[in-house]
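Commentary on secondary and tertiary structure
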Amino acid sequence: MCVEFRTRHGVVRALEEVRFIVRRGETVGIVGESGSGKSVTAYALMGILDPAARVTDGRAVFGGLDLLHASRQELEAYRGRELAMIFQSPRTALNPIRTVGRQIEDVLLRHQTVPRAKVRDRVIELLTLVQIPDPERRARAYPFEMSGGMCQRVMIALAIAASPSLLVADEPTTGLDVTTQAAILDLLDELARTTGMATVLISHDLGLIAERCDRIVVMHAGHVVEEAPARAMFAGPRHPYTARLLASTPRVGAKLAELVPIPGGVPDLRAELPPCRYRARCERAVAECDEPPLPRTQVAPGHLVACRRPL
Amino acid sequence: MILDVRALTRRFPVRGGHGAVHAVDDVTFAIGHGESVGLVGESGCGKSTVVRLVTRLDDPTDGRIFFEGHDVGAIPAKRFARTAARGRIQMVFQDPADSLNPRFTAFDTIADPMRRLGESAMRARLRDRVHEVADLCGLPAELLGRYPHQLSGGQQQRVGIARAIALEPRLLVLDEPTSALDVSVQAVILHLLADLRQRLGMSYLFVSHDLNVVRMLTDRVLVMYLGRIVEQGPADVVFEQPAHPYTRALLSAVPADGGGPRSRICLTGEPRSPIDPSPTVCRFHGRCPEGFERCEREMPVLRAAGAGRDHEAACHLLDAPVGSAVS
Amino acid sequence: MTGFLRHARYVVTENPVTLVAFGLLLFLVVLAFIGPTIAPHDPLATDTARKLEPPTRAHWFGTDQLGRDILSRVVVATRLDLAIALGAVALSFAAGSLLGSCAGYFGGWTDRLVTRVMDTIMAFPLFVLAMGIVAALGNTLANIVYATAVINVPFYARMARAEVNVRRDAGFVHAARLAGNGPARVLAVHVFPNCLPPMMVQVSLNLGWAILNAAALSFIGLGVRPPTPEWGIMVAEGAAFMVSGEWWIALFPGLMLMLAVFCFNLLGDGLRDLIDPRRRT
């Protein structure tokens, strides 16, 4: 998948050759710094990209439908029912002047997954499922009457209302407290396990991704630089960027001296870039890194690295 | 002691209603010369209010704040801006984009405290001093003419730090200084902060919700819950042998990367309301997995937690061993 | 300063609408300055022999009922109309910003007092209020400016209050206090300048409105007195002749009025971008 943004200051090649697969019931984590293209990937999948964006190439096949080239009607039929998304800021993603119960009802009625008479029961059932205490009372509450954690639970309830088979969670716990974060992610884990729903979890927090995901996709400046099973990635990252990212993440009980920053910043995506966009920051770069194409090497089963000189 | 806070209390009246939000309730702690103290807790626990009180941006309802032996808490926040102590307590903000005036260049931002509070000798060589401070914070001189929106997040935070240390403060309050930054940049800023403390001999009050980061940068930690300090002690002791159930829950919620399954303590229920809380009920009661009858009857106070020197926690469990919960 | 000029060039060239607006503004300002020297005839000279002539080579915009050259009158009137508008808007901007930003920053009784007074002003039909002020104080140029200013103050006050209010708790405001800035300085140097960009849009819309207001006062006979050339009076005088077919008397001053209002309305976004440092690249 390739996505470009046309801006006043030139074309931003936000995503280039991004490819990964998500299997049924699997949790895939996408991790990267800001500007790495994590959210753009999610938005492209959901068909809610900014009008300035243009998908220049690629496909995103989901249940036989190419999401990137589907018509609006097709996408609308899929969104909510088969595909759902959780946003970063639950407060702004909820309609402030409708009670949360009504908002969930809207989704249920829209997709007609339950008979009209059963809608209210289903709302309570969903709120119970996302572990909101006192669901009957909460269904009548407005978003502003709830804490951030509660709002995010409502968002999850909305997202899973129609039992989607793929849930895209874009930084679902950023801005929430650690204990709330743990509870929300536990909830997502459990939903994935019980309903067989696949999850794409997007985060900048490597620790969180590591703990929650089966497979990890590491992105840098619009490229997928490494894709591997979570354990393999942590045991031995093969791309220099992944290794650096791990070294710069504060771990439990780590000392400051163990924290190694990554030199440089994400390159300007408007400029002419070398095939490997990490080249300018990489300490292992050699002359042959400038020769296209960027390789995509399988170093172990299910472990792909986009680097000429993997670790 | 550089900072000695005693029985600090701040209540906010509830808008259009009765009662008051007890944002900070009877908080006592001290920071030694050159010491780095961490303040952790979840949103709404009152750590931001403590920060605003200690930095004298807000007036306490009750309690005293001694800074270098002077009772600065008694000076109204409005007048404090013109006292000599103003320059000696400085702060680094959470969101660098929000904390820099969009109409000020980096140079003007760093020079502002010197122009307002600096001695005449410092003002005379303002230019040199700004360059010196910027250099100390790893900010290239050519960026000094730029506006905040022309700088990256990491550079913005360097400007914020340079502004804070421009007057050579003795106490630097860091309010989640890296939570708005990417991990790769966070690492750089954390190193910079550790380095500056060593070079300039400042004391830190480091506020964060990221426990891993707090542990890296602090000697001692205070844990707050709903306006009260529930545990305090040397960072290693608190993190290795937490005595308060809340601290344990907090630590267990931190993602452990690839470390295999760990036992997580799940907090159930909603936190108690901060509006006029009962003075005789433990604030954590109701969410506490180990709460018992006494917690509803008596507010626990900080007491020695045994494990190490000056390790204290406010929990009745320290009196009554778990399982034998009798009054 | 060169940075500002470069920024100004960028703002103007980036948006064609802004370019048109600034071009029109330049035209009006030049006309205001050199109008009396380039006017082909004396705007006050009557010539009853050539009254009510339609546009000709000698009189491009025709002549009015007293045989005065309409082109000259329209050109000369530019200075007066712009001066009234600028004066009124400057006054109301200054007073409104001061009141509004104090109300927004300090809150409490300052806020309540200012808000009530502004609400009271806005409770009047504004044009009627302006009429009343001019009628009571006397029909002078200064009073027209004051009246127009008074009815505009509430808009600036409310806007400044809202803009200051949202920035009152911004990090950079706390940082300014930590740097030793007193409340007045924080407000004047750190908070208020950041409210200017959105307020500039209001200023520019208001300029157009002030011109219309001054013209309307003149139209009903409460403004500038004849025979002073002013667009409002000219339209008023010409209106009577529309029915008998002498359309040019009211049309040309009307067109100028429209052009000026149009220019100010278009100017808003450009003015905002011009003083917003965040738009700089």
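Here, every reference points to the structure presented above.
Everything in this summary refers to the structure shown in the same document.

What counts as what
Residues numbered from 1 in each chain as written. Chains lettered and ligands numbered in written order. Predicted model: local features only at pLDDT ≥ 70, side-chain atom pairs only at ≥ 80, totals over all residues. Heavy atoms only, no water. Helix = DSSP H or I, 4+ residues; strand = E, 2+ residues; numbered from the N terminus. Rg over C-alpha atoms; globule rule 2.2 N^0.38 Å. Contact = heavy atoms within 4.5 Å. Areas by Shrake-Rupley, 256 points an atom, 1.4 Å probe, with all protein chains shown as cover. Lys, Arg positive; Asp, Glu negative; His and termini not counted. Charge placed at Lys NZ, Arg CZ, Asp CG, Glu CD. Buried < 20%, exposed > 50% of the residue type's maximum accessible area, 1.4 Å probe, protein only. Axes fitted to C-alpha atoms, helices over the stretch in contact; angles between N-to-C directions. Parallel < 35°, antiparallel > 145°, perpendicular 65-115°, else oblique. Nonpolar A, V, L, I, M, F, W, Y, C, P; charged D, E, K, R; others polar. Disulfide = S-S within 2.5 Å. Salt bridge = Lys/Arg side-chain N within 4 Å of Asp/Glu carboxyl O. Pairing = 2+ DSSP bridges. Buried area = accessible area lost by both parts, 1.4 Å probe. Polar contact = N/O pair within 3.5 Å; in protein donor to acceptor, adjacent residues only side chain to side chain. Core = buried A, V, L, I, M, F, W, Y, C linked by side-chain atoms within 4.5 Å. Phe/Tyr/Trp six-rings, centres within 6.5 Å; stacked < 30°, edge-to-face > 60°. Lys NZ or Arg CZ within 6 Å of the ring centre and 35° of its normal.

1. Quick notes on the overall build of chain B
For chain B, the count of helices and strands is eleven helices and twelve strands. Here chain B has a C-alpha radius of gyration of 21 Å; the compact-globule value for 327 residues is 20 Å, and the two agree. In terms of its C-alpha atoms, chain B occupies a principal-axis envelope of roughly 70 × 50 × 40 Å. Residue pairs in contact within chain B that sit at least 24 positions apart in sequence constitute 62% of those at least 6 positions apart. Summed over its atoms, the accessible surface of chain B is roughly 13100 Å², and 49% of this surface lies on carbon and sulfur atoms. Each charge class in chain B can be summarised by its mean position, and for the 39 positive and 39 negative side chains these summaries are 5 Å apart.

2. Examining the overall build of chain C
A count of helical and extended segments in chain C gives ten helices and zero strands. What you see in chain C, going N to C, is helices and strands ordered as α-α-α-α-α-α-α-α-α-α. Seen through its C-alpha atoms, chain C measures out along the principal axes to roughly 75 × 45 × 25 Å. Among the 281 residues that make up chain C, the fraction classed as buried is 51%. Here the analysis covers contacts within chain C between residues at least 6 apart in sequence; of these, 73% occur between residues at least 24 apart.

3. Examining the packing of helix α1 (residues 2-14) of chain C against helix α2 (residues 16-38) of chain C
Residues and elements named next belong to chain C. Interaxial distance between α1 and α2 falls to 5 Å at its minimum, and their mutual angle equals 110 degrees. For the element pair α1 / α2, the angle class is roughly perpendicular. Between α1 and α2, the contacting residues are V11, V12 and E14 on the first element and P16, T18, L19 and F22 on the second. Looking at the contact of α1 with α2, its residues break down into five nonpolar, one polar and one charged.

4. Things to note about the state of the cysteines
Residue and element names in this part refer to chain C. In this structure the tally under the stated criterion is zero disulfides over all chains. As a non-bridged cysteine, C195 has C102 as the owner of its nearest cysteine sulfur, 12 Å distant. Among the residues examined, C195 registers a relative accessible area of 0% and is labelled buried.

5. As for the pattern of salt bridges
The full count for this structure, using the stated rule, is 47 salt bridges over all chains. The closest approach of N and O atoms between A:E76 and A:R72, which form a salt bridge, is 3.5 Å. Here A:R72 and A:E76 lie together in helix α2 (residues 72-78), a separation of four residues that amounts to about one turn. Taking relative accessible area as the criterion, A:R72 reaches 64% and is therefore assigned exposed. The closest approach of N and O atoms between B:R215 and B:D236, which form a salt bridge, is 3.6 Å.

6. As for the pairing of strand β7 (residues 83-86) of chain A
Residue and element names in this part refer to chain A. Side chains L83 and M85 of β7 all project onto a buried face; the interleaved residues A84 and I86 project onto the opposite face, where all are buried too. Two strands pair when backbone bridges link them, and β7 and strand β8 (residues 166-170) are joined in this way by four bridges, in the parallel orientation. By the bridge assignment, I86 is partnered in β8 with A169.

7. Examining the interface of chain C and chain B
Between chain C and chain B, the residue contacts involve 25 residues of the former and 27 residues of the latter. When the buried area of chain C at its contact with chain B is split by residue, C:R177, C:L178 and C:A179 rank highest and sum to 28% of it. Summed over the shared surface of chain C and chain B, the result is zero salt bridges. Our count for the chain C to chain B interface comes out at nine residue pairs in polar contact (both at pLDDT 80 or more). When residues of the side of chain C that touches chain B are assigned to their parent elements, the largest contribution, seven residues, is made by helix α8 (residues 183-219) of chain C. Its residues assigned to classes, the side of chain C that touches chain B comprises eleven nonpolar, eight polar and six charged.

8. Notes on the nonpolar core
One finds B:I110, B:M114 and B:I161 to be the most contacted residues of the largest nonpolar core, which totals 69 residues. When residues no more than four places from it in sequence are discounted, the contact partners of B:I110 are B:V130, B:V133, B:A134, B:L139, B:L144, B:V159, B:A162, B:R163 and B:A166. Counting 58 residues, the second-largest nonpolar core is a separate cluster that includes A:I124, A:I156, A:F234 and A:Y278.

9. Re unusual backbone geometry
All names here are of chain A. Phi at A221 takes a positive value of approximately 50 degrees, unusual for a residue other than glycine. Mapped onto the elements of the fold, A221 is located in the loop between β10 (215-220) and β11 (223-229). Judged by relative accessible area, A221 falls into the buried class, the value being 0%.

10. Looking at the sheet that holds strand β9 (residues 198-203) of chain A
Residues and elements named next belong to chain A. Pairing in this open sheet of eight strands is mixed, and the strands run β7-β8-β9-β3-β10-β11-β13-β12 from one edge to the other. Only two strands of the sheet have a single partner each, and these edge strands are β7 and β12 (297-300). This sheet shows a mean twist of 20 degrees between the axes of neighbouring strands, independent of strand direction. Across three bridges, the pairing between β12 and strand β13 (residues 303-305) is antiparallel. Looking at β13, one finds that A300 is bridged to H303.

11. Thoughts on the packing of aromatic side chains
Enumeration over the complete set of coordinates arrives at ten aromatic pairs over all chains. Pairing A:Y241 with A:Y278 gives two aromatic rings, centres 5.2 Å apart and planes at 65 degrees, and the pair type is edge-to-face. Taken together, the residues A:Y241 in helix α11 (residues 240-248) and A:Y278 in the loop between α11 and β12 connect sequence positions 37 residues apart. Accessibility assignment for this pair places A:Y241 and A:Y278 in one class, buried. Residues B:Y246 and B:F284 carry aromatic rings whose centres are separated by 5.3 Å and whose planes lie at 70 degrees to one another, so their mutual orientation is edge-to-face. Taken together, the residues span a long stretch of sequence, with B:Y246 in helix α11 (residues 245-252) and B:F284 in the loop between α11 and β11 (303-304) at a distance of 38 residues. Across the pair, exposure class does not vary: B:Y246 and B:F284 are buried alike. Grouped by ring-pair contacts, the aromatic residues B:Y225, B:Y246 and B:F284 constitute a single cluster. A cation over an aromatic ring shows up here: B:R56 above the ring of B:F80, its NZ or CZ 5.7 Å from the ring centre.

12. Re the sheet that holds strand β1 (residues 3-13) of chain B
Residue and element names in this part refer to chain B. Taken in spatial order, the four strands of this open sheet run β2-β1-β4-β5, and their pairing is antiparallel. If you trace the sheet from one side to the other, it starts and ends with β2 (20-31) and β5 (70-71), each paired once. Alignment of β1 against strand β4 (residues 62-67), held across five bridges, turns out to be antiparallel. Looking at the pairing, T9 lines up with D62 of β4.

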